[in-house]
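Geometric and topological summary
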Amino acid sequence: MDFKLTEEHLMIKEAARDFAKNELLPGVIERDEKQEFPKEQVKKMGELGFLGMMASPEYGGGGMDTVAYVLAMEEISKIDASASVVMSVNNSLVCWGLDTYGNEEQKKKFLSKLTTGESIGAFCLSEPEAGSDATSQRTTAIDKGDHYLLNGTKNWITNGSTADFYIVIAQTDVEKKHRGINAFIIEKGWKGFDIGPKEQKLGIRGSDTHSLMFNDVKVPKENRIGEDGFGFKFAMKTLSGGRIGIAAQALGIAAGAYELAKEYSKVRKAFGTEIMNHQAIAFKLADMHTSIEAARHLVMKAACDKDNGENYDLSGAMAKLFASKTAMDVTIEAVQVHGGNGYVKEYHVERLMRDAKITQIYEGTSEIQKIVISRSILKD
Ligand code: CAA
């Protein structure tokens, strides 16, 4: 497989790396500690074009390919996975979904603000009793003629309080099960739409995660995305692409931790020499590097499949499964290489280890990726 990067790809990678080092690194420890959303930094990400990278230029998007997107995701995630999850949800789940399946009016009204960061988006599928089992939606949107009446609760919503526009998946016809599900665009501030308290999280603490409550919210008919009953397929297609973004996030977390461990091993001395000269450490670094390279190949394969118009359900799920395990394994080892220093905040690796865990949970747990993979490989 030849993943030769173009000049443009390399420029985007460098721009993302510079942004992460100059704008995200200062304050990343404090934001994690205080659970503070990177508001100013996300605004700058919008100005630099990182929030709507793959969306159509006519709606303010960058018109870039998925390879460019995963390169930027990796670089930003090396430093600040809280910022990169905002980027991932906005790009993959919201902008891509609207750009691909929204109508002209919806694109003009919502997408053109989301691509530039003027507005932020959220994707609302999970519920208290429908996390992995996404077909069991309890949130209902009942057809009332010129509008739908939305009722229910959504859980663990990234950008829960900072978003302006929310894509909400709801059951419109219980009898039809997943074929009676629709996706709607909801605006912040609508009557009956309440935002619950911020979740206190283990990792990605800078991102804001909330429950959302809908109580007789009137949703105009024109805010439904796609044909009646398209909502579940919309969610699945959107999540398939989202998983490539999260795989790139996991890859970035792993690569960030590895780079820190490698540098530390060159300066930290024990038993009379730099610790890199001990095989106990060198072998760890060899394993970390190998896993990261393997994860990078899977992420690039999935991104290329998407760019080449191939099916990416399987490659995206494999990339997410493997990269998220790599993120977990590598960050644990990076803490170990740092010894006692790895356990304190200023060395960054403990945060990366906490951030890594969510990549095995959101946008489908590792077990869900195995369902997608096994169904795909066993279907013929
Ligand atoms: N593309 C298009 N259609 C798809 C599809 C895909 N990738 N996957 C499934 N479908 C369709 C199927 O074809 C089927 O439609 P028909 O009956 O019309 O043929 C329908 O969807 C139902 O499919 P299944 O029978 O396979 O459904 P299932 O109940 O067995 O579940 C699942 C499939 C893969 C487990 C799915 O429920 C799933 O992905 N669950 C995980 C949900 C998830 O990822 N949640 C993450 C929340 S978002 C988030 O985390 C964002 C964040 O904050 C960062």
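This text gives an overview of the structure that appears in the document. (Residues numbered from 1 in each chain as written. Predicted model: local features only at pLDDT ≥ 70, side-chain atom pairs only at ≥ 80, totals over all residues. Heavy atoms only, no water.)

1. Examining the packing of aromatic side chains
Scanning all chains against the criterion turns up ten aromatic pairs. Look at Trp96 and Tyr101: their rings are 5.8 Å apart centre to centre, the planes differ by 85°, and that puts the pair in the edge-to-face class. Considering the side-chain rings of Tyr101 and Phe234, the 5.8 Å spacing of their centres and the 75° angle between planes classify their relative orientation as edge-to-face. Residue Tyr101 is found in helix H5 (residues 81-101), and its partner Phe234 is found in helix H7 (residues 231-267); the two are separated by 133 residues along the sequence. The class of Tyr101 is partly exposed, set by a relative accessible area of 22%. Residue Phe234 is classed as buried on the basis of its relative accessible area, which comes to 0%. Here the aromatic residues Trp96, Tyr101, Phe230 and Phe234 are joined through ring pairs into a cluster of three or more. Above the plane of the ring of Tyr148 lies Lys221, whose end atom (NZ or CZ) is 5.3 Å from the centre. Positioned above the aromatic ring of Tyr312, the side-chain terminus of Lys237 is 5.4 Å from the ring centre. (Phe/Tyr/Trp six-rings, centres within 6.5 Å; stacked < 30°, edge-to-face > 60°. Helix = DSSP H or I, 4+ residues; strand = E, 2+ residues; numbered from the N terminus. Buried < 20%, exposed > 50% of the residue type's maximum accessible area, 1.4 Å probe, protein only. Lys NZ or Arg CZ within 6 Å of the ring centre and 35° of its normal.)

2. Concerning the site of the ligand
Residues in contact with the ligand amount to 26 residues; listed here are only the nearest, Ser132, Thr158, His178, Arg179 and Arg375. His178 is positioned with one of its side-chain polar atoms (N or O) 2.7 Å from an oxygen atom of the ligand. Between the ligand and Asp313 there is a distance of 3.4 Å, counted from a nitrogen atom to a side-chain nitrogen or oxygen. The fraction of the free accessible surface of the ligand (1100 Å²) that becomes covered by protein chains is 76%. At the level of elements, H5, H7 and helix H11 (366-378) are the ones that each hand at least two residues to the shell around the ligand. With seven residues, the single largest contributor to the shell around the ligand is H7. Considering only residue class, the shell around the ligand consists of eleven nonpolar, eight polar and seven charged. (Near = heavy atom within 4 Å. Polar contact = N/O pair within 3.5 Å; in protein donor to acceptor, adjacent residues only side chain to side chain. Areas by Shrake-Rupley, 256 points an atom, 1.4 Å probe, with all protein chains shown as cover. Nonpolar A, V, L, I, M, F, W, Y, C, P; charged D, E, K, R; others polar.)

3. A few points about the side chain of Thr359
Among the secondary structure elements, Thr359 is positioned in the loop between helix H10 (349-358) and H11. The buried category is assigned to Thr359, whose relative accessible area is 0%. A polar contact is formed between the side chain of Thr359 and the backbone oxygen of Ala356, at a distance of 2.7 Å. Among residues more than four places away in sequence, those in contact with Thr359 are Ile246, Gln249, Ala250, Ile253, Lys320, Ser324 and Ala327. (Contact = heavy atoms within 4.5 Å.)

4. Some details on the environment of Ala134
Tracing the sequence through the fold places Ala134 in the loop between strand E1 (121-124) and strand E2 (140-143). A relative accessible area of 8% places Ala134 in the buried class. Sequence separation of Ala134 and Phe232 is 98 residues, and the distance between their C-alpha atoms is 8.4 Å. Leaving out residues up to four positions away in the same chain, Ala134 has contacts with Leu125, Phe232 and Met236.

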